[in-house]
Amino acid sequence: MSKKTIVIFSHGFGVRSGSYGLFTDLIKEFDSLWIESLLTEYCNYNPNTNEVRVKPFSEQAKILQTTIDETRKNNPNTDIILIGQSQWSTIISLCDTSQIKKIIMIAPFFYTNKEDVITRYNLNPGTTIDLENLSYRKRTDETTTVIPANHRQERFNTNIIDLYNKKAIENELYIFYWLQDQVIKFEQYDEVKNVFIMNLDGDHDFSKQYRLPLIEKVKHIITL
């Protein structure tokens, strides 16, 4: 790694920019390698109600695109790498990444079947679903994710596989899939093309006992 490197992070659904500490742990490792990091914040957080309000895919893509463009403008001779987690790997796929060196997706999002999503969310205590207005999802960190109808509409109308395949032609793309993921069951390997897919032990909550192998793999990819 001879050139300066900047990593831009794209966090997961309805969480803060550090992704439950996963990105924070990665940033600590990157600091030791003199790699700069930028966290992207997509959601609006209300500390009074402890609510995190998500935006539709299109609005989030604009936020990330602005971060990418400004980073490139201010660092013309720098390698820029994108790391996305869960549903927000999709946001990367909606952006112009023509000047990005590599893309790494951790437990990327493939889950767009409306009936399956409603069934899964209804199993969560404290969750209410209203596809025409606002839905509320209670999280394990005691926050509540507020989901507007336009986010749901864009999610269910997005062909994730097509996006990833297109992105893999444009960029060097790596996917880490958790073998014990309790949220995303990936059964479409044969539809994803030109992607480096690596299976690792781990769950979708990025429990700490699973992080070290992932961090080491990510560091290896970035420094290639």
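Presented here is an overview of the structure given in this document. (Residues numbered from 1 in each chain as written. Predicted model: local features only at pLDDT ≥ 70, side-chain atom pairs only at ≥ 80, totals over all residues. Heavy atoms only, no water.)

1. Things to note about the packing of aromatic side chains
And step 1. Per the stated rule, a full pass over the model turns up three aromatic pairs.
And step 2. Plain terms: the ring middles of phenylalanine 9 and phenylalanine 23 are 4.6 Å apart, the flat faces sit at 40° to each other, and that makes the pair tilted. Here phenylalanine 23 lies in helix 1 (residues 22–32) and phenylalanine 9 lies in strand 1 (residues 5–10), a separation of 14 residues in the sequence. As far as the burial class goes, phenylalanine 9 and phenylalanine 23 line up, both buried.
And step 3. Judged by centre distance (4.9 Å) and plane angle (20°), the ring pair of tyrosine 174 and phenylalanine 196 falls under stacked. Of this pair, tyrosine 174 sits in strand 9 (residues 172–178) while phenylalanine 196 sits in strand 10 (residues 196–200), placing them 22 residues apart in sequence.
And step 4. Owing to a relative accessible area of 7%, tyrosine 174 belongs among the buried residues under this scheme.
And step 5. Among the aromatic residues, those joined into a cluster by ring pairs are Phe9, Phe23 and Phe30. (Phe/Tyr/Trp six-rings, centres within 6.5 Å; stacked < 30°, edge-to-face > 60°. Helix = DSSP H or I, 4+ residues; strand = E, 2+ residues; numbered from the N terminus. Buried < 20%, exposed > 50% of the residue type's maximum accessible area, 1.4 Å probe, protein only.)

2. Points about the environment of leucine 39
And step 1. Considering the arrangement of structural elements, one finds leucine 39 in strand 2 (residues 36–40).
And step 2. Judged by relative accessible area, leucine 39 falls into the partly exposed class, the value being 42%.
And step 3. Remark: the alpha-carbon pair of leucine 39 and isoleucine 8, spanning 31 residues in sequence, is separated by 6.1 Å.

3. Looking at the side chain of threonine 143
And step 1. With respect to the element layout, threonine 143 can be found in the loop between strand 7 (134–138) and strand 8 (144–148).
And step 2. Not counting the four nearest positions on each side in its chain, threonine 143 is found in contact with Asn50, Val52, Arg137 and Lys138. (Contact = heavy atoms within 4.5 Å.)

4. Side note on the sheet that holds strand 8
And step 1. If you walk across this open sheet you meet the four strands as 3-4-8-7, and the pairing is mixed. Sheet topology places strand 3 (44–46) and strand 7 at the edges, where each strand pairs with a single neighbour. Here the strands of the sheet are splayed against their neighbours by 25° on average, with no regard to which way each runs.
And step 2. Where helix 5 (residues 149–156) meets the sheet, it contacts strand 7 and strand 8, and its direction lies at approximately 75° from that of strand 8. (Pairing = 2+ DSSP bridges. Axes fitted to C-alpha atoms, helices over the stretch in contact; angles between N-to-C directions.)

5. Brief notes about the packing of helix 1 against helix 7 (residues 211–222)
And step 1. Where helix 1 contacts helix 7, the axes come no closer than 11 Å and their chain directions differ by 50°. One way to sum up the angle between helix 1 and helix 7 is to call them oblique. Here helix 1 and helix 7 pass one another in a crossing that is right-handed. Counting all contacts with helix 1, which are made through Leu22, Asp25, Leu26, Glu29 and Phe30, the residues of helix 7 involved are Arg211, Leu214, Ile215, Val218, Lys219 and Ile222.
And step 2. Among the residues forming the contact of helix 1 with helix 7, the class breakdown is seven nonpolar, no polar and four charged. (Parallel < 35°, antiparallel > 145°, perpendicular 65-115°, else oblique. Left-handed = near helix turned anticlockwise from the far one by under 90°. Nonpolar A, V, L, I, M, F, W, Y, C, P; charged D, E, K, R; others polar.)

On their own, these measurements won't tell you what the molecule is for.
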